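Here's the letter readout for the chains.
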Amino acid sequence: MSEIIVITSGKGGVGKTTTAANLGAGLASLGKKVALIDTDTGLRNLDLILGVENFICHTLIDVAAGKIPFEKALIRHPQYKSLYLLPTSQKYDKSALNGDDLIKICDQMRNQFDFIIIDCPAGIEQGFKTAIAAADSAIIVTMPEMAALRDADKVVGELNRAEFTDIRLIINRIRPDMVTRGDMLDITDIKDILGVTVIGQIPDEETIIKYTNKGRPVIEDKNSLAAQAYRNITHRLCGETVPFPDLGCKPTFLGKLKNLFK
């Protein structure tokens, strides 16, 4: 029986889809059978980051409409043999899929995978509500910036209203030099602000952009700190205890930012 995790963010452009791809590849590297479901209908990108955009014949929308079984739409990753993608369509908008459709599909897939990871559209509108409907737990991806944190705080509230009891946080694009200077929040401050358990922190690296543009998960890079951070998260998802690295000391403007959420 698989664990179904929705990856969400609130704000767009924080690295949510990149995170979904790397967690999927990382879990597959640990021997887990993983399905990634792209629910960002109309604006799909997960296929590009995985480098499988040329293999798409059928989509999530075809499955939801009952045209084909989900197995026929799944794309097996050429490198990570236990990683599969269920891509969505670029031809429709997010109204083409609803929460009941996704629940039905995930129920059919659940017994065949260890993890099902749902890549959620940005925002908290219909696409968000559809994506979270089938999930057992949620991971919010955010950045240590005011706008991203305020949107993440809104997502926490929406997930609480949807009665999620397992909500975790990944802090992306951390600049240790800025944290040390007091110009960027650290993991402790963000945890205090959002009240959510942090499962990972990803340093800002050019390596991520390089691998993403090549359609490859950054976890392939053995020398990348960001890659190691993603690998650490996958171990934590599997129940292992992995210490967090020190990415800088506590900044000075916490009080100002906390006022934003009062």
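Note that this is a predicted model, so its numbers are computed, not measured.

## Quick look at the packing of aromatic side chains
A complete count under the given rule lists one aromatic pair for this structure. Seen in terms of ring centroids, Y84 and F113 are 5.8 Å apart; in terms of plane orientation they differ by 75°. Their pairing is edge-to-face. With Y84 in strand β4 (residues 83–86) and F113 in the loop between α5 (99–109) and β5 (115–119), this residue pair connects regions lying 29 residues apart in the sequence. The ring centre of F113 lies 5.0 Å from the NZ or CZ of K33, which sits over that ring.

## Things to note about the pairing of strand β2 (residues 34–38)
Counting buried positions along β2 yields five of five residues, so the element is predominantly enclosed. Alternating residues of β2 divide into V34, L36 and D38 and A35 and I37, and every residue in both groups is buried. Direction of pairing for β2 relative to β4: parallel, over a ladder of four bridges. Bridging from a neighbouring strand, V34 pairs with L83 of β4. As paired elements, β2 and β5 share five bridges and run parallel to each other. When the sheet's bridge partners are listed, V34 is paired in β5 with F115.

## Some words on the pattern of salt bridges
Per the stated rule, a full pass over the model turns up eleven salt bridges. Across the pair K16 and D119 runs a salt bridge, and its minimum N-O distance is 3.2 Å. Here K16, found in helix α1 (residues 16–29), pairs with D119, found in strand β5; they are 103 residues apart in sequence, far enough to count as distant. When sorted by exposure, K16 lands in the same class as D119, which is buried. Residue R44 is joined to D47 by a salt bridge in which the shortest nitrogen-to-oxygen separation is 3.7 Å. Of the two residues, R44 and D47, both sit in the buried class.

## Some thoughts on the side chain of T59
Tracing the chain through its elements places T59 in the loop between α2 (46–50) and α3 (60–64). Overall, the relative accessible area of 9% leaves T59 in the buried class. Setting aside residues up to four positions removed in sequence, T59 forms contacts with R44, A73, P87, T88 and S89.

## A short note on the packing of α1 against helix α11 (residues 225–237)
At a closest axis distance of 9 Å, the pairing of α1 and α11 adopts a crossing angle of 65°. Every pair of crossing elements has a handedness; the one defined by α1 and α11 is right-handed. Seen from α1, the contacting residues are T18, T19, N22, L23, G26 and L27; seen from α11, they are Y230, I233, T234 and L237. Residue composition of the contact of α1 with α11, by class: five nonpolar, five polar and no charged.

## A closer look at α1
With 14 residues, α1 extends 20 Å from end C-alpha to end C-alpha; this agrees with the ideal 20 Å at 1.5 Å per step. Counting buried positions over the 14 residues of α1 gives 13, a clear majority of the element. Among the residues trailing α1, G31 stands out with phi positive, at a value near 90°.

## Overview of the sheet that holds strand β8 (residues 197–203)
With respect to topology, eight strands assemble into an open sheet ordered β3-β4-β2-β5-β1-β6-β7-β8, the strand pairing being mixed. Of all the strands in the sheet, just β3 (75–76) and β8 have a single pairing partner and so form its edges.

## Points about the UniProt feature "domain: AAA" (unreviewed entry) in the protein chain
Under the local residue numbering, the UniProt record ascribes the feature "domain: AAA" (unreviewed entry) to residues 3–158. This span, residues 3–158, is 38% helix and 18% strand, and a straight line between its end C-alpha atoms measures 21 Å.

About the cut-offs
- Residues numbered from 1 in each chain as written.
- Predicted model: local features only at pLDDT ≥ 70, side-chain atom pairs only at ≥ 80, totals over all residues.
- Heavy atoms only, no water.
- Phe/Tyr/Trp six-rings, centres within 6.5 Å; stacked < 30°, edge-to-face > 60°.
- Helix = DSSP H or I, 4+ residues; strand = E, 2+ residues; numbered from the N terminus.
- Lys NZ or Arg CZ within 6 Å of the ring centre and 35° of its normal.
- Buried < 20%, exposed > 50% of the residue type's maximum accessible area, 1.4 Å probe, protein only.
- Pairing = 2+ DSSP bridges.
- Salt bridge = Lys/Arg side-chain N within 4 Å of Asp/Glu carboxyl O.
- Contact = heavy atoms within 4.5 Å.
- Axes fitted to C-alpha atoms, helices over the stretch in contact; angles between N-to-C directions.
- Left-handed = near helix turned anticlockwise from the far one by under 90°.
- Nonpolar A, V, L, I, M, F, W, Y, C, P; charged D, E, K, R; others polar.
- Expected span 1.5 Å × (residues − 1).
- UniProt positions renumbered as here; feature names shortened; annotations may be inferred.

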